Amino acid sequence: MSRGQAAAVKVIAGQAFRKFLPFFDPGLVEKSAAETVTKGGIMLPEKSQGKGLQAMVVAVGSGSKGKGGEIQAVSVKVGEKVLLPEYGGTKVVLDKDYFIFRDGDILGKYVD
């Protein structure tokens, strides 16, 4: 991640944190728009477009409590791109539409 991208992520996270901070292990994500044009330049009709399963993490909670009472850290960090399940999550409307997913519901994260 470049310095410019890191600065942009901090700005996004700062906006989300002012209005909402998830408790425990959920993460607040902003879904990416579905692809509307293929790499070859062909425009896809709405029925052919996939659902937006990629998202950027904009806020995370402190983690969940283990059996012994210790805090287990969340596996994603602010600014990471993640893969979401097709269904699920809770919609939260702040300045934009965001979604809350529990740490265990996030399928994985993209690594550069």
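In case you missed it, the structure is sitting above this.
Cut-off values and rules
- Residues numbered from 1 in each chain as written.
- Predicted model: local features only at pLDDT ≥ 70, side-chain atom pairs only at ≥ 80, totals over all residues.
- Heavy atoms only, no water.
- Pairing = 2+ DSSP bridges.
- Helix = DSSP H or I, 4+ residues; strand = E, 2+ residues; numbered from the N terminus.
- Salt bridge = Lys/Arg side-chain N within 4 Å of Asp/Glu carboxyl O.
- Buried < 20%, exposed > 50% of the residue type's maximum accessible area, 1.4 Å probe, protein only.
- Contact = heavy atoms within 4.5 Å.
- Patch = residues over 30% accessible without salt bridge, like charges linked within 9 Å, V, L, I, M, F, W, Y side chains within 5 Å.
- Areas by Shrake-Rupley, 256 points an atom, 1.4 Å probe, with all protein chains shown as cover.
- Core = buried A, V, L, I, M, F, W, Y, C linked by side-chain atoms within 4.5 Å.

Participant: Mind showing me how you'd approach the sheet that holds strand E6 (residues 90–93) here?
Facilitator: Within a sheet, adjacent strands bond to each other through the backbone by hydrogen bonds, running parallel or antiparallel. Spatially, 6 strands are ordered E6-E7-E1-E2-E5-E8 in an open sheet, and the strand pairing comes out antiparallel. Unpaired on one side and paired on the other, E6 and strand E8 (108–109) mark the two borders of the sheet. Two elements, strand E2 (residues 54–60) and strand E5 (residues 81–83), share 3 bridges in a ladder whose sense is antiparallel. Considered in E5, the bridge of Met56 is made with Lys81.

Participant: Just to check I follow, could you spell out the pattern of salt bridges for this structure?
Facilitator: Note on pairing: side chains with opposite charge can pair once their charged atoms come close. This structure, assessed with the given rule, holds 4 salt bridges. Linking Asp105 and Arg102 is a salt bridge whose minimum nitrogen-to-oxygen distance equals 3.7 Å. A relative accessible area of 32% places Asp105 in the partly exposed class. Here Arg102 falls in the exposed class, since its relative accessible area comes to 53%.

Participant: In this structure, what is going on with the environment of Val74? I would like to understand it.
Facilitator: Relative to the elements of secondary structure, Val74 occurs in the loop between strand E4 (71–72) and E5. For Val74 and Arg102, which are 28 residues apart along the polypeptide, the C-alpha to C-alpha distance reads 9.3 Å. Among all residues touching Val74, those that are not within four sequence positions of it are Phe24, Asp25, Val60, Gly61, Ser62, Gly63 and Asp103.

Participant: Looking at this model, I keep getting lost on a nonpolar patch on the surface. Mind explaining?
Facilitator: Where nonpolar side chains cluster on the molecular surface, the patch consists of Leu83, Leu107 and Tyr110 and spans about 280 Å² of accessible area. Looking at the element boundaries, Leu107 is found in the loop between strand E7 (97–102) and E8.

Participant: Honestly, the nonpolar core in this entry has me stumped. Any pointers?
Facilitator: Across soluble globular proteins, you tend to see nonpolar side chains buried next to one another. Within the largest apolar cluster, 11 residues are counted, these being Val29, Ala55, Val57, Val60, Val74, Val76, Val82, Leu84, Phe99, Phe101 and Ile106. Taken together, the elements giving at least two residues each to this core come down to E2 and E7. A total of 3 residues in this core trace back to one element, the largest contributor, which is E2. When residues no more than four places from it in sequence are discounted, the contact partners of Phe101 are Asp25, Pro26, Gly27, Val29, Lys31, Leu84, Pro85, Gly88, Gly89 and Ile106. Residues Leu28, Ala59, Val92 and Ile100 belong to the second largest nonpolar core, which totals 6 residues.

Function-wise, these values are silent; they only describe arrangement.
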